[in-house]
Amino acid sequence: MRSLSSPAMQRALLTSTLSTSIHPCFLPLPLSLPSPNLFFSKSKSHNQKPPFFAIRNCSSIRVKPSSQLRKNPSDSEPDPKLTSLRQLFSKPGVSIDAYIIPSYDAHQSEFIAECYTRRAYISGFTGSAGTAVVTKDKAALWTDGRYFLQAEKQLNSSWILMRAGNPGVPTTSEWLNDVLAPGGRVGIDPFLFTSDAAEELKQVISKKNHELVYLYNSNLVDEVWKESRPKPPNEPVRVHDLKYSGLDVASKLASLRSELAGAGSSAIVISMLDEIAWLLNLRGSDIPHSPVVYAYLIVEIDGAKLFIDDSKVTEEVSDHLKKANIEIKPYNSIISEIESLAARGAALWLDTSSVNAAIVNAYKAACDKYKWNRESKHKTRTKGFDGSIEHSDVPIAVHKVSPVSLAKAIKNEMELEGMKSCHLRDAAALAQFWDWLETEITKDRILTEVEVSDKLLEFRSKQAGFLDTSFETISASGPNGAIIHYKPEPESCSNVDGNKLFLLDSGAQFVDGTTDTTRTVHFGKPTTREKECFTRVLQGHIALDLSVFPEGTPGFVLDAFARSFLWKVGLDYRHGTGHGVGAALNVHEGPQGISYRYGNLTPLVNGMVVSNEPGYYEDHAFGIRIENLLYVKSVETPNRFGGIQYLGFEKLTYVPIQIKLVDLSLLSAAEIDWLNNYHSLVWEKVSPLLDGSARQWLWNNTRPIIHEKI
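The structure presented is a predicted model; accordingly, all values stated were derived computationally and were not measured.

Cut-offs applied
Residues numbered from 1 in each chain as written. Predicted model: local features only at pLDDT ≥ 70, side-chain atom pairs only at ≥ 80, totals over all residues. Heavy atoms only, no water. Buried < 20%, exposed > 50% of the residue type's maximum accessible area, 1.4 Å probe, protein only. Helix = DSSP H or I, 4+ residues; strand = E, 2+ residues; numbered from the N terminus. Pairing = 2+ DSSP bridges. Axes fitted to C-alpha atoms, helices over the stretch in contact; angles between N-to-C directions. Parallel < 35°, antiparallel > 145°, perpendicular 65-115°, else oblique. Contact = heavy atoms within 4.5 Å. Nonpolar A, V, L, I, M, F, W, Y, C, P; charged D, E, K, R; others polar. Core = buried A, V, L, I, M, F, W, Y, C linked by side-chain atoms within 4.5 Å.

Q: Explain the pairing of strand β25 (residues 609-612) to me, please; I cannot follow it from the model alone.
A: Regular strands have side chains that alternate between both faces of the sheet. Side chains of β25 alternate between two faces, with V609 and S611 and V610 and N612 buried alike. The pairing of β25 with strand β28 (residues 628-635) spans four bridges and is antiparallel. Bridge pairing links N612 to N628 in β28.

Q: Explain the packing of helix α9 (residues 249-262) against helix α10 (residues 273-280) here, please?
A: Helix-helix packing is described using two parameters, namely the angle between the two axes and the distance between the axes. Remark: α9 packs on α10, axes separated minimally by 7 Å, with the N-to-C direction vectors making an angle of 120°. In this view, α9 runs oblique relative to α10, as classed from their interaxial angle. Across the interface between the two elements, V249, K252, L253 and L256 of α9 pack against W278, L279 and L280 of α10. A class-by-class count of the residues in the contact of α9 with α10 yields six nonpolar, no polar and one charged.

Q: Quick question: what am I supposed to make of unusual backbone geometry here?
A: Most peptide bonds take the trans form, and the phi angle of most residues other than glycine is negative. Omega for the peptide link from G590 to P591 comes to 5°, which places this bond in the cis form. Among the secondary structure elements, P591 is positioned in strand β24 (residues 589-594). Positive phi, normally seen in glycine, also occurs at H289, with a value near 75°. Counting through the fold element by element, H289 comes out in the loop between β9 (282-283) and β10 (296-300). If you check the backbone angles, H620 has positive phi at about 65° while not being a glycine. Along the chain, the position of H620 falls in the loop between β26 (615-618) and β27 (622-625). Residue classification places H620 among the exposed positions, given a relative accessible area of 76%.

Q: Looking at this structure, how should I read the nonpolar core?
A: The nonpolar side chains of a soluble globular protein tend to be buried with one another. In terms of nonpolar packing, the biggest core is built from 67 residues, with L306, I338 and Y363 touching the most fellow members. Broken down by element, the residue count for this core peaks at seven residues, all from helix α13 (residues 357-369). Among residues more than four places away in sequence, those in contact with L306 are I276, L280, L282, A295, Y296, L297, L321, I326, E327, I328 and K329.

Q: Just checking my understanding: could you explain the environment of P230 for this structure?
A: Assignment of secondary structure puts P230 in the loop between α7 (220-225) and β7 (238-239). Given a relative accessible area of 22%, P230 falls into the partly exposed group. Distance in space between the C-alpha atoms of P230 and Y116 is 8.6 Å, their sequence separation being 114 residues.

Q: Help me out: how do you make sense of α10 in this one?
A: For α10, a buried count of eight out of eight residues is recorded, marking the element as mostly surrounded by other parts of the structure. Every buried residue belonging to α10 is among L273, D274, E275, I276, A277, W278, L279 and L280, and all of these are buried. Positive phi appears at N281, one or two residues downstream of α10, with a value of about 50°.

Q: Which parts of the structure should I look at to understand the sheet that holds strand β6 (residues 211-214)?
A: As a general point, the strands of a sheet are linked pairwise by backbone hydrogen bonds and lie either parallel or antiparallel. Overall, mixed pairing links the six strands, which are arranged β4-β3-β2-β1-β5-β6 in an open sheet. The outermost strands of the open sheet, each flanked by one partner alone, are β4 (160-163) and β6. With direction set aside, neighbouring strand axes in the sheet form an average angle of 25°. The sheet contacts of helix α2 (residues 80-87) involve β1 (98-101), β2 (131-135) and β3 (139-143), and relative to β2 the element is tilted by about 65°. Across the sheet, helix α6 (residues 195-205) touches β1, β5 (185-188) and β6, and the angle it forms with β6 is around 145°.

Written out as structure tokens, the structure reads:
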């Protein structure tokens, strides 16, 4: 699956001038340069992040509401939600001129619980990426090119659609600087912005003397939503068994505490939900598709506190946490605990690229309040690779990227075993599904994209250890396949057309791992154009799969391998080639990735899992994508230049690639060998899990290619 908007990407949508649409698969998450032999990396990225804000003169920009394409906005009634929201602007303790509503929750999650879908509620736009800004007399929504058509349909005439990335379209900050009179007050919920994003927003709007106002006490959209707002999730947490996690909590915490000591820190606050789940060997179901639970975690040298709704904590989980000396605290008490840390003179490790502004600002204020003597002032110290911070009883903030992100990305032996096992069960479900679908299409049965997706879920749910899908299935027939983030809806989706390409991008959450697979097929006779495009995508897929590279190589170096065969004929695709994948965790994880964007310098390290998913898309015609998951492994080479280790990939995904779509005349003998070897492995690994017609289908689709050129 091409990556949906990561927190950093969504911040870019909020604050940057985009020259192109937001590209999937690029995960610009916190970067760090790993030491492969360390459980936690002790290094920090040297690369400079581009600013989230670009300032330019936008006084001449005039953007029409999308609704003007349909009707005159003066002919429609005022939006009651916007009216109610604006009435709150003048409340005591609020007093603002504009309010920004982002897409995310307090943990910068890619997927969020329904009760936190505030931007969707206030605007009516349900796309995964977007930012709403409401002033006293205007309302605007920014989204990228994936969602222009959807936004036009869903926004009413009270809203201006800002097509981010199009020429002449201002950023949110530019627009606010243009429409507000100097000295305006711009309100945000500081829990929904990372500290970095809030600080940069503050700097940009200050150029017009605007003030950024943190509204701690309540979210204004929630006050409009009132009783109709969905209840927060309340499902129980579960322990992630040691046979799947491969490492106990005590060992993980010991490694983290070693990192704290090395950085001169006495505590760290962790807010990313997958980092908490991984570190504590816990899993939950608070968020669709992601087995995580809403919580914060503070780890100190001599203890730890988990901030969570205790109604979710079962007796088993409570015992599990007690064994690791982890205290359970109320979820909403995180700010008071942060203030307490400052009072005790903590040196608190804060990843300001992921921790929200409410927490960071609360600690800063508490440090100032609890200074220990007249000469002691609040200090922020950033530690470099070899620098050190002297111990002190003065509370300070140590700003560094979370070490948990990289540690989580490097899978241990048991995590990899779980990933391998669940991929085989998933492959069996996919074989059953493809056998069923081909049979139905042959019978000229009329099936919608949604019905097909539901049937796949039925097959998957019968597999041992199945928990959920890992994202919303992309079931796309014909031209819908060209919409990279297509989501079929029951009331508007297409029928699966046997005479057109069909793209299926899907994945599952199992108790022992996470899957993500894409295949493109044709049930009839593909055109010469479709076969050429498919084959060039396949060649790129093979080239990346076979790549060998020295340790220390970042993912962007490999991206061209997957594109080169398309480039030779002037074709390309507008998304990254690969994203990291969690082990029984989020289907998108950082810090690693494979993308043509060179900002992510995180090297690929032995044990990391990444996707290999080149594609090609022709608007209004078809889409092609082939995706396997791979893990990074050491490889033996005849030489070892510089005495360093060389790395390559091993496949996790074993699902047939449709030979009908391959133009064999374009393939080399080595590429045909790769395809034959892959299909031989698919049969060997998956056939024991199948019987009947599904096993026959697998046999038919894994036969070796006999080519006259060989």
